[in-house]
Amino acid sequence: MALFGFSFPLVFLLLSCFITQLLCNANAFPGHYHNPIQRHRHPRFASHNYRDALTKSILFFEGQRSGKLPSNQRISWRRDSGLSDGSALHVDLVGGYYDAGDNVKFGFPMAFTTTMLSWSVIEFGGLMNGELQNAKEAIRWATDYLLKATAHPGTIYVQVGDANKDHACWERPEDMDTPRSVFKIDQNTPGSEVAAETAAALAAASLVFRRSDRTYSKLLARRAISVFEFADKHRGAYSTGLKKYVCPFYCDYSGYQDELLWAAAWLQKATKNPTYLNYIQANGQILGAAEFDNTFGWDNKHVGARILLSKAFLIQRVRSLHDYKGHADSFICSIIPGASYSSAQYTPGGLLFKMNDSNMQYVTSTSFLLLSYAKYLTTARQVVNCGGTAITPKRLRAIAKRQVDYLLGDNPLKMSYMVGYGPRYPQRIHHRGSSLPSIAAHPAKIQCSSGFNVMRSQSPNPNILVGAVIGGPDQHDRFPDQRSDYEQSEPATYINAPLVGTLAYLAHSFGQM
């Protein structure tokens, strides 16, 4: 008998192969998600275009630029802004990034963004192909600014703009008329966390440019060394001396100890100077190396430091850092669903959930750590032991992929939480420049308070901030897509930065690069 043009034996054979394939993979498929990728093996099917998502995740940073925009600016609805930044204190602080949906330049999250963008390139830049140059330009836009902010020894300029006054307006960065106040730290007003994070960013970026621009790389490394020395010598939290200006926006809740350890780890990696390894060995416990705090984001770097230092042990065979493998394993065990010591929460749809405010930053940073640690473990031919259960690198990659797939649309709402990716994505993100008409569409100045009429409206944002990843859904996978809901609808540079490396890995592993 012929069925749709095929003989019955052939149809039976095809059906048998299909059923066998399903049965063989039944246990490996959580829900409808696909098997984790193997190293050096490219599955024939990927549920997402990771290459497209990678391109867009880097493009987003152009939409966050402050200063004089270059001729090759691709997000064309943006224009020059903040061209007098720093003039209040007679310094040049033009450039850098607006970290989120407002018009303030906060040095602490900007530095962390730079560190994570650099780490993305260090681990996975070789897989980025044509996007590597764009990623490096995104890093350089930040480091050029951080060099300006650290140009005067003993002083670091850590913020431009009064956040309270800025938040009282809803206006385009091109129209800013709120005070561009400049805030700094020095030996009288210390800020070890922001100084150390800046040192980490400069050190990590020096590795990115080591081959392509040795002069620039050396400048970054030298500055990182002096900034770290300042951070360590004059200890104190910037959210003490500058509390009324930086809190509650980027107040330091975890203490500055984690940043000192994190910065020392990056300097050890960048300089190979035994001074930093000695520093880590002498101060690691004091600085909280063994703390069982399993959150990694702009404020808390303990987990990142553990993973980074475990690489030195696993790959470079630095025996004195043996304990960091155990600390890193503890973090891994805490987030493996169903594993012993697991403490992580997941939404019903499978998203890692840490907190209501900008939860997606923890998703992207954790996914990056999982893939990076899987890479180190694979090279060292090791696994993670969670209460007698061996957790393989393959399992870590599967969890990371699952989180990214959720972010890109494999979730109960079928919503991509990256703007401009997929058929359905947030239309009303909490972002001034995106929500207000562009200069090209509306050349006249939009006054401070009149913009709130747009902020409160239900109209979609007229300017697409391509690649922006927002705070994301709540613990029940709900997302209202309301512009006023900054906890769920605001994008941030530090959400995107670790995602860049993760997407590069996934795009390469599925043969898309």
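Located above this text is the structure these notes cover.
This report concerns the structure included in the present document. A quick note: this is a predicted structure, and the numbers were derived from the prediction, not measured. (Residues numbered from 1 in each chain as written. Predicted model: local features only at pLDDT ≥ 70, side-chain atom pairs only at ≥ 80, totals over all residues. Heavy atoms only, no water.)

This paragraph deals with the overall build of the protein. Helix and strand counts for the protein stand at 19 helices and 9 strands. In summary, the protein has a C-alpha radius of gyration of 23 Å against a globular reference of 24 Å for 513 residues, a match within 12%. Once the C-alpha set of the protein is aligned to its principal axes, its extents read approximately 85 × 60 × 40 Å. Within the protein, the fraction of its 513 residues that count as buried is 61%. Summed over its atoms, the accessible surface of the protein is roughly 20,300 Å², and 54% of this surface lies on carbon and sulfur atoms. Computed over 52 positive and 40 negative side-chain charges, the separation of the two mean positions in the protein equals 8 Å. (Helix = DSSP H or I, 4+ residues; strand = E, 2+ residues; numbered from the N terminus. Rg over C-alpha atoms; globule rule 2.2 N^0.38 Å. Buried < 20%, exposed > 50% of the residue type's maximum accessible area, 1.4 Å probe, protein only. Areas by Shrake-Rupley, 256 points an atom, 1.4 Å probe, with all protein chains shown as cover. Lys, Arg positive; Asp, Glu negative; His and termini not counted. Charge placed at Lys NZ, Arg CZ, Asp CG, Glu CD.)

Once that is clear, we can look at the sheet that holds strand S5 (residues 182-185). Here 3 strands make up an open sheet; going across it, the order is S3-S4-S5 and the pairing antiparallel. The open sheet terminates on both sides in strands that have one partner only, identified here as strand S3 (105-106) and S5. (Pairing = 2+ DSSP bridges.)

Glancing now at helix H2 (residues 50-63). Under the 1.5 Å per step criterion, the end-to-end length of H2 is 20 Å for 14 residues, consistent within 8% with the ideal 20 Å. The buried fraction of H2 amounts to 11 of the 14 residues, a majority that puts the element mostly inside the structure. For H2, the set of buried residues is Tyr50, Ala53, Leu54, Lys56, Ser57, Ile58, Leu59, Phe60, Phe61, Glu62 and Gly63. Buried-residue contacts for H2 involve helix H3 (107-124), helix H4 (131-149), helix H15 (393-408) and helix H19 (493-509). (Expected span 1.5 Å × (residues − 1). Contact = heavy atoms within 4.5 Å.)

Where burial is concerned, most of strand S4 (residues 156-160) is hidden: 5 out of the 5 residues are buried. Sheet topology note: the S3/S4 ladder contains 2 bridges and is antiparallel. Bridge assignment links phenylalanine 106 to a residue of S4, and that residue is glutamine 159. One ladder, built from 4 bridges, connects S4 with S5; its direction is antiparallel. Looking at S5, one finds that valine 160 is bridged to valine 182.

This part takes up the packing of helix H6 (residues 192-208) against helix H7 (residues 214-233). Packing of H6 against H7 brings their axes to within 8 Å, and their N-to-C directions diverge by 160°. Taken together, the axes of H6 and H7 lie roughly antiparallel to each other. For the crossing formed where H6 meets H7, the hand is left-handed. Where H6 abuts H7, its residues Ser192, Ala195, Ala196, Thr198, Ala199, Leu202, Ala203, Ala205 and Ser206 lie against Ser217, Leu220, Ala221, Arg223, Ala224, Val227, Phe228, Phe230 and Ala231. Across the contact of H6 with H7, the residue classes break down as 13 nonpolar, 4 polar and 1 charged. (Axes fitted to C-alpha atoms, helices over the stretch in contact; angles between N-to-C directions. Parallel < 35°, antiparallel > 145°, perpendicular 65-115°, else oblique. Left-handed = near helix turned anticlockwise from the far one by under 90°. Nonpolar A, V, L, I, M, F, W, Y, C, P; charged D, E, K, R; others polar.)

In this section: the pattern of salt bridges. Evaluation of the coordinates by the stated rule reveals 19 salt bridges. Of the charged contacts, one joins lysine 401 and aspartate 405 as a salt bridge, the two residues approaching to 2.6 Å between their closest N and O atoms. With lysine 401 and aspartate 405 both in helix H15 and 4 residues apart, this pair spans about one turn of that helix. Take lysine 401 and aspartate 405: they sit in the same class, and that class is buried. (Salt bridge = Lys/Arg side-chain N within 4 Å of Asp/Glu carboxyl O.)

Another point: the packing of aromatic side chains. Within this structure, the stated rule accounts for 23 aromatic pairs. A centroid spacing of 6.0 Å and a plane angle of 90° characterise the contact between phenylalanine 124 and phenylalanine 368, whose relative ring orientation is edge-to-face. In this pair, phenylalanine 124 is assigned in helix H3 and phenylalanine 368 in helix H14 (residues 360-380), connecting sequence segments 244 residues apart. Of the two residues, phenylalanine 124 and phenylalanine 368, both sit in the buried class. Here the aromatic rings of tryptophan 262 and tryptophan 266 are separated by 5.9 Å at their centres, their planes lie at 90°, and the arrangement is edge-to-face. Residue tryptophan 262 and its partner tryptophan 266 are located together in helix H10 (residues 257-271), separated by 4 residues, close to a single helical turn. As far as burial versus exposure is concerned, tryptophan 262 and tryptophan 266 are alike and both buried. (Phe/Tyr/Trp six-rings, centres within 6.5 Å; stacked < 30°, edge-to-face > 60°.)

Enumeration according to the criterion identifies 3 disulfides in this entry. With its sulfur 2.0 Å from that of its partner, cysteine 169 forms a disulfide with cysteine 448. Taking the torsion about the sulfur-sulfur bond, which here is approximately -95°, the covalent link between cysteine 169 and cysteine 448 counts as left-handed. On the criterion of sequence distance, the pair formed by cysteine 169 in the loop between helix H5 (163-167) and S5 and cysteine 448 in the loop between helix H16 (432-435) and helix H17 (452-455) is long-range, its members being 279 residues apart. The buried category is assigned to cysteine 169, whose relative accessible area is 6%. Between the sulfur atoms of cysteine 247 and its disulfide mate cysteine 251 the distance is 2.1 Å. The S-S bond linking cysteine 247 to cysteine 251 shows a torsion near 70°; that makes this disulfide right-handed. Each member of the pair, cysteine 247 as well as cysteine 251, carries the same accessibility label: buried. (Disulfide = S-S within 2.5 Å.)

The next point concerns the nonpolar core. Ranked by internal contacts, the top residues of the largest apolar core, which has 156 residues, are Trp119 and Tyr373. When residues in this core are grouped by element, the largest group, 12 residues, is from H6. Setting aside residues up to four positions removed in sequence, tyrosine 373 forms contacts with Ile307, Ser310, Leu314, Lys325, Ala328, Asp329, Ile332, Val384 and Leu396. (Core = buried A, V, L, I, M, F, W, Y, C linked by side-chain atoms within 4.5 Å.)

With that settled, consider a positive patch on the surface. A grouping of Arg210, Arg214, Lys218, Arg222 and Lys272 is seen on the molecular surface, where their side chains present a positively charged patch. The topology assignment puts arginine 210 in the loop between H6 and H7. For arginine 210, a relative accessible area of 31% gives the class partly exposed. (Patch = residues over 30% accessible without salt bridge, like charges linked within 9 Å, V, L, I, M, F, W, Y side chains within 5 Å.)

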